[in-house]
Amino acid sequence: MALFGFASGLPFALFLGTLYAWLSEAGVDLETMGVFSLIGLAYAFQFLWSPVLDRVNLPGLKRLGRRKQWIVPAQVLLGIILVTMAGLDPAASLGWFSLLAAIGAFASATQDIAINAWRIDIADEDAPIEILSTVYQMGFRLASLVGGALGLIIAARIGWPQTYLFMGAVLLVIGIAGLFAPDTLANRASGEQEEDRAALTRPGQLLPRVRNLALLAVGLLWAWALGTVGLFMARSMTALPENRPDPTAFTATYGPLIVVATIVLPALIAAWLVKLQRDGRHVVAAGQEPDGGNTVANHLYRALIMPLVEFVGRMEWSLVLILALVLTYRICDAIWGTFAYPFYLGELQYSNDEVAVASKFFGVGAIMLGLALGGWLLTVLGRMPTLTLGAVLAAATNLLYADLAVGGARMQAVSDATGFTWAVLQFPGGSERLARLMITIGMENLAVGIAGAAYVAWLSSIVAKGHSAVQYALLASLTLLVGTLGRGALGQMIERQGYYEVFLFVTWIGGLAIVLCILEWIREARAGRRAGIVAPDRAATD
């Protein structure tokens, strides 16, 4: 899991971070670099092709396992792409360079879908989902540091081609090591599909015409979403600079619509199907000659509709609470990243070096410590207490930044009282104001680590193993909606009211997440009692 987490985080850092530093040194203009940023859409909309990973076996690779047949080839492909990019001059071979980067981002996003599903599928008593989720995030964060700040340092000494060659070799090695990772049985996917085929013809199951109607509706919605993203990418890559669409405007306008079309409306359709089945309407009657329906339509129904029907049917009205919690729990992290550097560099007037030390090195270390602490709390306190504690800490740390926004007197007092200021002053370039920034970022990142460990463990626990790729990808994608809508509104608030008022406002939003965590805690406790267990765990939600 640590290797897979590292393999997931490294391409993300290389394609969406340090790649732009290489392009800048190569003399590539900002307009072209803006087009390169579009590869980030592969990560934002990865759920659009997640059903494929749940239902399709790759020819000749099925023996690797249900998830490894996607993970290992993706890692090897990423390694080859990075090694190939190392042999190109970005300025002279910009077309090939951009094509490789786009394919790499798509392979990386596909790998992420499969790794998230692998983590959920492989979890058991010896390797519980809480520990696997924590270790995954630690590997991801470590890779972000290696591919980000450390990548810049290495490139300054040996050059960008050699740096990407080294990173590609690392992914190739992880791909080879992945061959030895455990996975679900090689024939499990086909066995499940056979079971699904038989299940569709049993008494009480929906009639083919109803299934096909639902499939048509959801298929049109997903086709529109795929077509919209594909058309935008094509126009951005082929149009003249003055005619290219604005990526920010596209994400702000179409991002929420795509989420509604691919998640909200299909969920309502799934709820309708569940109600029909429970009411016994339009279902196969006992003794009725079974009609299996069209084979292709059934295959698409199992891939696209069944994960939604299973989730809605299992959660019922609790789905409203779950979606509300997903939308609010990580809202601070989803929005704040855009404004962090303007706050540090512009508002507080810190230097680039000071921010790099406090945020990239000390901050990443604090996140790693927070993840480790969060993993330990998950084993000691349990999933829901840790999730609630993470929400409390994440909300409270906004008050630390609010203090910085009005001078940071309280944070300076904390730094002085704990001896942290003295420790920072022992290093060259250390200062009281740097110590104040470092301890604030450190405390906030510690809370982010605890909350992140609990959140991913909780999100992984509420999806079904048989449909883990689709359900997890869909739920995780809702963060896109929060970040898209929230950044614009928050930017306007900062311009009009200042950072201090915004930090107080975000603290109140964090308070809403705390209330939702408590309600979800109560729901899971009740579900556990109904299932006859004291503490709800994965068995209570499967």
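Bear in mind that the values here come from a model prediction, so they are computed numbers and not experimental data.

Draft legend 1. Quick look at the overall build of the chain. Along its length, the chain carries 23 helices and zero strands. When the 542 residues of the chain are sorted by exposure, 54% land in the buried category. Counting only contacts in the chain whose residues sit at least 6 apart along the sequence, the fraction spanning at least 24 positions is 82%. Here the chain has roughly 23400 Å² of accessible surface; of this, 67% comes from carbon and sulfur atoms.

Draft legend 2. Highlighting the packing of helix 6 (residues 94-122) against helix 7 (residues 129-147). Relative to each other, helix 6 and helix 7 sit at 155 degrees, their axes nearing to 9 Å. Taken together, helix 6 and helix 7 sit at an angle that is classed as roughly antiparallel. The way helix 6 lies across helix 7 gives a crossing that is right-handed. Across the interface between the two elements, Ile-115, Asn-116, Arg-119, Ile-120 and Ile-122 from helix 6 touch Ile-129, Leu-132, Ser-133 and Tyr-136 from helix 7. Considering only residue class, the contact of helix 6 with helix 7 consists of six nonpolar, two polar and one charged.

Draft legend 3. Representation of the packing of aromatic side chains in the model. Counted by the stated rule, this structure contains 20 aromatic pairs. Judged by centre distance (6.0 Å) and plane angle (45 degrees), the ring pair of Phe-12 and Phe-140 falls under tilted. Remark: Phe-140 occurs in helix 7 and Phe-12 occurs in helix 1 (residues 2-25); sequence separation between them is 128 residues. Taking relative accessible area as the criterion, Phe-12 reaches 33% and is therefore assigned partly exposed. According to the relative accessible area criterion, Phe-140 is partly exposed, its value standing at 21%. Each ring, one from Tyr-329 and one from Tyr-455, has its centre 5.3 Å from the other, and the planes form 5 degrees; the classification is stacked.

Draft legend 4. Spatial organisation of the side chain of Ser-415. Within the secondary structure layout, Ser-415 lies in helix 18 (residues 409-417). Apart from the residues lying within four places of it in its own chain, the contact partners of Ser-415 are Phe-420, Thr-421, Ala-435, Arg-436 and Ile-439.

Draft legend 5. The arrangement of a nonpolar patch on the surface in detail. Together, Leu-77, Trp-96, Leu-99 and Ile-103 make up an exposed nonpolar region whose accessible area comes to about 400 Å². Among the elements that take part in the nonpolar patch, helix 6 stands out by supplying three residues, more than any other. Relative to the elements of secondary structure, Leu-77 occurs in helix 5 (residues 68-86).

Draft legend 6. Seen up close, the packing of helix 18 against helix 20 (residues 432-461). One can describe the packing of helix 18 onto helix 20 by two numbers: an axis separation of 9 Å at closest approach and a directional angle of 95 degrees. Accordingly, the angle class assigned to the pair helix 18 and helix 20 is roughly perpendicular. Of the residues in helix 20, those touching helix 18 at Met-411, Gln-412, Val-414 and Ser-415 are Glu-432, Arg-433, Ala-435, Arg-436, Ile-439, Thr-440 and Met-443. The residue inventory of the contact of helix 18 with helix 20, partitioned by class, reads five nonpolar, three polar and three charged.

Draft legend 7. Main features of the nonpolar core. If you look at the biggest cluster of nonpolar residues, it comprises 118 residues, and the most contacted ones within it are Phe-15, Phe-45, Met-85, Leu-387, Trp-458 and Ile-462. Broken down by element, the residue count for this core peaks at 13 residues, all from helix 6. Listed in part, the 31 residues of the second largest apolar core include Tyr-401, Leu-404, Val-502 and Val-506.

Draft legend 8. Representation of the confidence of the model for the chain. Across the chain, pLDDT averages 83, with 87% of residues at or above 70. Highest mean pLDDT in the chain belongs to helix 5 (93); lowest belongs to helix 23 (residues 538-541) (40). Contacts for the low-pLDDT stretch residues 186-191, under 50 throughout, to residues beyond four places or in other chains number seven contacts. Scored below 50 in pLDDT, residues 534-542 makes 21 contacts in the model with residues more than four places away or belonging to other chains.

Draft legend 9. Structural detail: the pattern of salt bridges. Throughout the structure, instances matching the rule amount to twelve salt bridges. Across the pair Arg-410 and Asp-403 runs a salt bridge whose closest N-O atoms are separated by 3.6 Å. Arg-523 is the salt-bridge partner of Glu-520, the closest N and O atoms lying 2.8 Å from each other. Highlighted residues: Glu-520 and Arg-523, both in helix 22 (residues 499-530), separated by three residues, approximately one helical turn. As far as burial versus exposure is concerned, Glu-520 and Arg-523 are alike and both buried. Each of Glu-130, Arg-383, Glu-520, Arg-523 and Glu-524 takes part in one network of salt bridges that share partners.

Draft legend 10. Region of interest: the side chain of Gln-75. Position of Gln-75 relative to the elements: it lies in helix 5. Not counting residues up to four positions away in its chain, the partners in contact with Gln-75 are Phe-4, Ala-7, Gln-111, Ile-115, Leu-171, Ile-174 and Gly-175.

Draft legend 11. Expanded view of unusual backbone geometry. A positive phi is found at His-282, a non-glycine position, where the angle reads about 55 degrees. Its place among the elements puts His-282 in the loop between helix 12 (247-279) and helix 13 (295-315).

Scoring rules and cut-offs
- Residues numbered from 1 in each chain as written.
- Predicted model: local features only at pLDDT ≥ 70, side-chain atom pairs only at ≥ 80, totals over all residues.
- Heavy atoms only, no water.
- Helix = DSSP H or I, 4+ residues; strand = E, 2+ residues; numbered from the N terminus.
- Buried < 20%, exposed > 50% of the residue type's maximum accessible area, 1.4 Å probe, protein only.
- Contact = heavy atoms within 4.5 Å.
- Areas by Shrake-Rupley, 256 points an atom, 1.4 Å probe, with all protein chains shown as cover.
- Axes fitted to C-alpha atoms, helices over the stretch in contact; angles between N-to-C directions.
- Parallel < 35°, antiparallel > 145°, perpendicular 65-115°, else oblique.
- Left-handed = near helix turned anticlockwise from the far one by under 90°.
- Nonpolar A, V, L, I, M, F, W, Y, C, P; charged D, E, K, R; others polar.
- Phe/Tyr/Trp six-rings, centres within 6.5 Å; stacked < 30°, edge-to-face > 60°.
- Patch = residues over 30% accessible without salt bridge, like charges linked within 9 Å, V, L, I, M, F, W, Y side chains within 5 Å.
- Salt bridge = Lys/Arg side-chain N within 4 Å of Asp/Glu carboxyl O.
- Core = buried A, V, L, I, M, F, W, Y, C linked by side-chain atoms within 4.5 Å.
- pLDDT = per-residue confidence, 0-100.

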